[in-house]
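Per-entry structural report
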Amino acid sequence: MEGQRFVTGDSKRIFVNTALGCNSSCSYCYLPAEGYRTGVPPEVNISLEAAINLIRSSGLYVQGRYGTIISIGCFSECWDSSNLQKTKGIISWALKNGNPVQMATKRVVFPNQVKDHCELIQWKGQYSIFLSSATISQWKEFERGTSNPFKRFYHIGDLISLGVVCYIYIKPVIEGVTLKDGLIYSDIANEKGCGVVIGSRFDDSVSDGVPAPIDSVSGLRMVASNEEDQLAEIFPPTIPVYWSSVDAINSWR
Ligand code: SF4
């Protein structure tokens, strides 16, 4: 287990992965650059108990609303059937401790899957789900093995009713691709009453730019698309647009 990056980050934000690797194979995914396989079930896993022990013993964890943000799944798909139960366990643990907890996924999150741990929410905005998507119309081409984006977004209204804060997480903005679906994203956000986060691509082939906000062995940097600003302008002022998931979380505390 030593040397594996199941728990990384700092006192402001800890990333937790109970698996390293992903069953899906998005064309823009940075996992291969980080040494993890995509398109096959993750080979490296830890238990829920081990993950929580790693958080507790990291020396980074600060309990409570203004403590550490618990971010689930930067080196895995946290809602894959293989690690979904562990992800739910981490969410419950963080909610009980009062910490903000976020998960990003390209899978469908059904309301009955989160109903139990929603009862543990202590303050509005504590639990947020970022439904990730870089394209709707070209999903099959760019996001192989993920859920149909319309199905990903379908339950947002019901999840919000349960107390979860949901965002459409448009990341990365792929030039010539993502912007084409801007009006569809806007209509969905409008209909569901949720905010939007727009994010940049993580790339290991560039040497300038801002380092990616995750623990990277390949030197990932954030590469912004020229089309990010144009995409943001499509959303009406009634839809909050953020440039990072942490900004979205911090708006609640
Ligand atoms: S779902 Fe996420 S982790 Fe899995 S291949 Fe796609 S971008 Fe990578």
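Because the structure is predicted, anything quoted here is derived from the model rather than measured. (Residues numbered from 1 in each chain as written. Predicted model: local features only at pLDDT ≥ 70, side-chain atom pairs only at ≥ 80, totals over all residues. Heavy atoms only, no water.)

**Details of the side chain of His117**
Inspection of the secondary structure puts His117 in helix H3 (residues 111-118). For His117, a relative accessible area of 2% corresponds to the buried category. Within the local environment of His117, its side chain forms a polar contact with the side chain of Tyr127, the two groups lying 3.1 Å apart. With near-sequence residues (within four places) excluded, His117 lies in contact with Lys88, Ile91, Ser92, Leu95 and Tyr127. (Helix = DSSP H or I, 4+ residues; strand = E, 2+ residues; numbered from the N terminus. Buried < 20%, exposed > 50% of the residue type's maximum accessible area, 1.4 Å probe, protein only. Polar contact = N/O pair within 3.5 Å; in protein donor to acceptor, adjacent residues only side chain to side chain. Contact = heavy atoms within 4.5 Å.)

**A few points about the packing of aromatic side chains**
For the structure on display, the rule yields seven aromatic pairs. Here the aromatic rings of Tyr61 and Trp93 are separated by 5.1 Å at their centres, their planes lie at 40 degrees, and the arrangement is tilted. On the criterion of sequence distance, the pair formed by Tyr61 in the loop between helix H1 (48-57) and strand E6 (69-72) and Trp93 in helix H2 (residues 84-96) is long-range, its members being 32 residues apart. Neither Tyr61 nor Trp93 differs from the other in exposure class; each is buried. Put simply, the rings of Phe130, Tyr167, Tyr169 and Tyr242 pair up and form one aromatic cluster. Above the plane of the ring of Phe75 lies Arg5, whose end atom (NZ or CZ) is 4.6 Å from the centre. Lying across the ring of Tyr154, Lys192 places its NZ or CZ 5.3 Å from the centre. (Phe/Tyr/Trp six-rings, centres within 6.5 Å; stacked < 30°, edge-to-face > 60°. Lys NZ or Arg CZ within 6 Å of the ring centre and 35° of its normal.)

Keep in mind these numbers describe shape, not what the thing actually does.
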